[in-house]
Amino acid sequence: MTDVQEIKRTFWAKLADSPFVMVGLDAGGHAEPLTAQLDDEAVDTLWFFIARDNRMAAGGPAMVQFAAKGHDFFACLSGQARIDNDFAQIDKLWNKQAEAWFPGGKSDPNLALLRIDIADAEMWEADVSLTGKLKMLFGGDIRADEAGSHARVETTAASSPH
């Protein structure tokens, strides 16, 4: 049985370790790679430094795809994207990587802070058991309890029951 709270905690830990995701707007077009900026105080929210003319700046319904660097955890998040140029938030999230893209610093006229409020998520932890790995090696059938964890959640907050 999947421990939903644990899979949520695992998601945030994996995302903090490798904050690279693919983001796309539901309105069409391709997704693009962006680096998530995480704020522990902002539940169910991802932040991205983007250029003002980036296609994501249009906002609207969005999808975020995540694959952990060890390929042992995956997530698909849906939510609402919008520009939120709150200077206090920009200041809080600012880092050397953002500075490399925006030479004018926090006041760069091309800087925009994209905010995605997560509405729901689906997460998969590919933690195949030793028995499952042996079955995969020799072509056997893997039972659900040998394959890892999966959860559909309305919030990614680790302390929430859903």
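Structure shown above.
Residues numbered from 1 in each chain as written. Predicted model: local features only at pLDDT ≥ 70, side-chain atom pairs only at ≥ 80, totals over all residues. Heavy atoms only, no water.

Caption draft 1: Up close: the pairing of strand 5 (residues 73-83). Judged from the eight bridges that link them, strand 4 (residues 60-67) and strand 5 form a sheet pairing that is antiparallel. Paired with Ala67 across the bridge in strand 5 is Phe74. Counting the residues that bridge the hairpin from strand 4 to strand 5 gives five residues, and of these His71 lies at a positive phi of roughly 55°. Pairing geometry for strand 5 and strand 6 (residues 111-125), over 11 bridges, is antiparallel. (Pairing = 2+ DSSP bridges. Helix = DSSP H or I, 4+ residues; strand = E, 2+ residues; numbered from the N terminus.)

Caption draft 2: The arrangement of the side chain of Arg115 in detail. Along the chain, the position of Arg115 falls in strand 6. Side-chain polar atoms of Arg115 contact the side chain of Asp84, separated by 3.2 Å. If near-sequence neighbours (up to four positions away) are discounted, Arg115 is found in contact with Thr45, Leu46, Trp47, Gln80, Ala81, Arg82 and Asp84. (Polar contact = N/O pair within 3.5 Å; in protein donor to acceptor, adjacent residues only side chain to side chain. Contact = heavy atoms within 4.5 Å.)

Caption draft 3: Main features of the pattern of salt bridges. Under the defined criterion, the tally for this structure stands at 10 salt bridges. Of the charged contacts in the structure, one is a salt bridge between Lys14 and Asp72, with a shortest N-O distance of 2.8 Å. Pair noted here: Lys14 is in helix 1 (residues 4-17) and Asp72 is in the loop between strand 4 and strand 5, with a separation of 58 residues, a long-range link. Judged by relative accessible area, which is 25%, Lys14 ranks as partly exposed. When its relative accessible area of 25% is taken as the criterion, Asp72 is described as partly exposed. Put simply, Lys69 and Asp17 hold a salt bridge, and the shortest N to O gap is 3.4 Å. (Salt bridge = Lys/Arg side-chain N within 4 Å of Asp/Glu carboxyl O. Buried < 20%, exposed > 50% of the residue type's maximum accessible area, 1.4 Å probe, protein only.)

Caption draft 4: Representation of the packing of aromatic side chains in the model. Within this structure, the stated rule accounts for four aromatic pairs. Three or more aromatic residues joined by ring pairs form one cluster here, namely Phe11, Trp12, Phe66 and Phe73. (Phe/Tyr/Trp six-rings, centres within 6.5 Å; stacked < 30°, edge-to-face > 60°.)

Caption draft 5: Region of interest: unusual backbone geometry. The phi dihedral of Asp44 falls on the positive side, at around 60°, and the residue is not glycine. Checked against the element boundaries, Asp44 lands in the loop between strand 2 (32-35) and strand 3 (45-51). Backbone geometry places His71, a non-glycine residue, at a positive phi of 55°. Among the structural elements, His71 can be located in the loop between strand 4 and strand 5. According to the relative accessible area criterion, His71 is exposed, its value standing at 57%.

Interpretation in functional terms is not warranted from these geometric data alone.
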